[in-house]
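Observations on the three-dimensional arrangement
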Amino acid sequence: MKTVLWKLDTLPPALMTFYGLTHPLDKSWHVLGLGYSPSIDVSEIENAAVIHYNGNMKPWLELAMTKYKSYWTKYIKFDHPYIRCKLSE
């Protein structure tokens, strides 16, 4: 019988490794949900140090939420030779 301990990528080992050594961050520092939540306030995004496209609607996918896509695409060098996918500016 093969049992899977976790299916959450690297988060569980990181949580075990750094248990007791981390501190919570203020919510305004790290904004989550740009890949699944259509109700994030624009001011929260613009004032955050880090924005996180967690969820299924990543900005590089066709099903991305267009509302948040520009926060990602503004950093893409569309003329770079390694950018071959069809991304809208």
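Bear in mind the structure is a predicted one, so any value in this text is a computation, not a measurement.

Each helix and strand in the protein chain was counted, giving three helices and two strands. Secondary structure elements of the protein chain, listed N to C terminal, follow the sequence α-β-α-β-α. Residue pairs at least 24 apart in sequence account for 20% of intrachain contacts in the protein chain once pairs closer than 6 positions are excluded. Here the protein chain displays about 7,700 Å² of accessible surface, and carbon together with sulfur accounts for 59% of that area.

Here the focus is the packing of aromatic side chains. The description of an aromatic ring pair uses the distance of the two centres, along with the angle that the planes make with each other. As enumerated under the stated definition, the model contains one aromatic pair in all. Centre to centre, the rings of Trp60 and Trp72 are 5.5 Å apart; their planes meet at 50 degrees, and the pair counts as tilted. Of this pair, Trp60 sits in the loop between strand E2 (50–51) and helix H3 (66–73) while Trp72 sits in helix H3; the two residues are 12 residues apart in sequence, bridging distant segments of the chain.

Within the secondary structure, Ser37 sits in the loop between strand E1 (30–31) and helix H2 (42–47). Of the polar contacts made by the side chain of Ser37, one reaches the side chain of Ser39; its length is 3.3 Å. Setting aside anything within four residues of it in sequence, one finds Ser37 in contact with Met65 and Tyr68.

Membership of the largest hydrophobic core is limited to nine residues, which are Val31, Leu34, Ile40, Ile45, Ala48, Tyr53, Met65, Tyr68 and Tyr71. Excluding residues that lie within four positions of it along the chain, Ile45 makes contacts with Val31, Leu34, Ile40, Ile51, Tyr68 and Tyr71.

We now examine the environment of Thr17. Looking at where Thr17 falls in the secondary structure, it is placed in helix H1 (residues 11–17). In terms of polar contacts, Thr17 uses its side chain to reach the backbone carbonyl oxygen of Pro13, at 2.7 Å.

For the rest of this paragraph, the subject is a nonpolar patch on the surface. Taken together, the side chains of Leu25, Trp29 and Val50 define a hydrophobic patch exposed on the protein surface, amounting to about 280 Å² of accessible area. For Trp29, a relative accessible area of 41% puts it in the partly exposed group.

Tyr68, Lys69, Tyr71 and Thr73 are the residues of H3 that are buried. Buried-residue contacts for H3 involve H2 and E2.

On to the pattern of salt bridges. Proximity of charged atoms lets side chains of opposite charge pair with each other. Throughout the structure, instances matching the rule amount to one salt bridge. Between Lys27 and Glu44 there is a salt bridge, with its nearest N and O atoms 3.6 Å apart. Here the residue Lys27 occupies a position in the loop between H1 and E1, and Glu44 occupies one in helix H2, the gap between them amounting to 17 residues. Using a relative accessible area of 62% as the deciding quantity, one classes Lys27 as exposed.

Conventions and cut-offs
- Residues numbered from 1 in each chain as written.
- Predicted model: local features only at pLDDT ≥ 70, side-chain atom pairs only at ≥ 80, totals over all residues.
- Heavy atoms only, no water.
- Helix = DSSP H or I, 4+ residues; strand = E, 2+ residues; numbered from the N terminus.
- Contact = heavy atoms within 4.5 Å.
- Areas by Shrake-Rupley, 256 points an atom, 1.4 Å probe, with all protein chains shown as cover.
- Phe/Tyr/Trp six-rings, centres within 6.5 Å; stacked < 30°, edge-to-face > 60°.
- Polar contact = N/O pair within 3.5 Å; in protein donor to acceptor, adjacent residues only side chain to side chain.
- Core = buried A, V, L, I, M, F, W, Y, C linked by side-chain atoms within 4.5 Å.
- Buried < 20%, exposed > 50% of the residue type's maximum accessible area, 1.4 Å probe, protein only.
- Patch = residues over 30% accessible without salt bridge, like charges linked within 9 Å, V, L, I, M, F, W, Y side chains within 5 Å.
- Salt bridge = Lys/Arg side-chain N within 4 Å of Asp/Glu carboxyl O.

That's the geometry; what it means functionally is another story.
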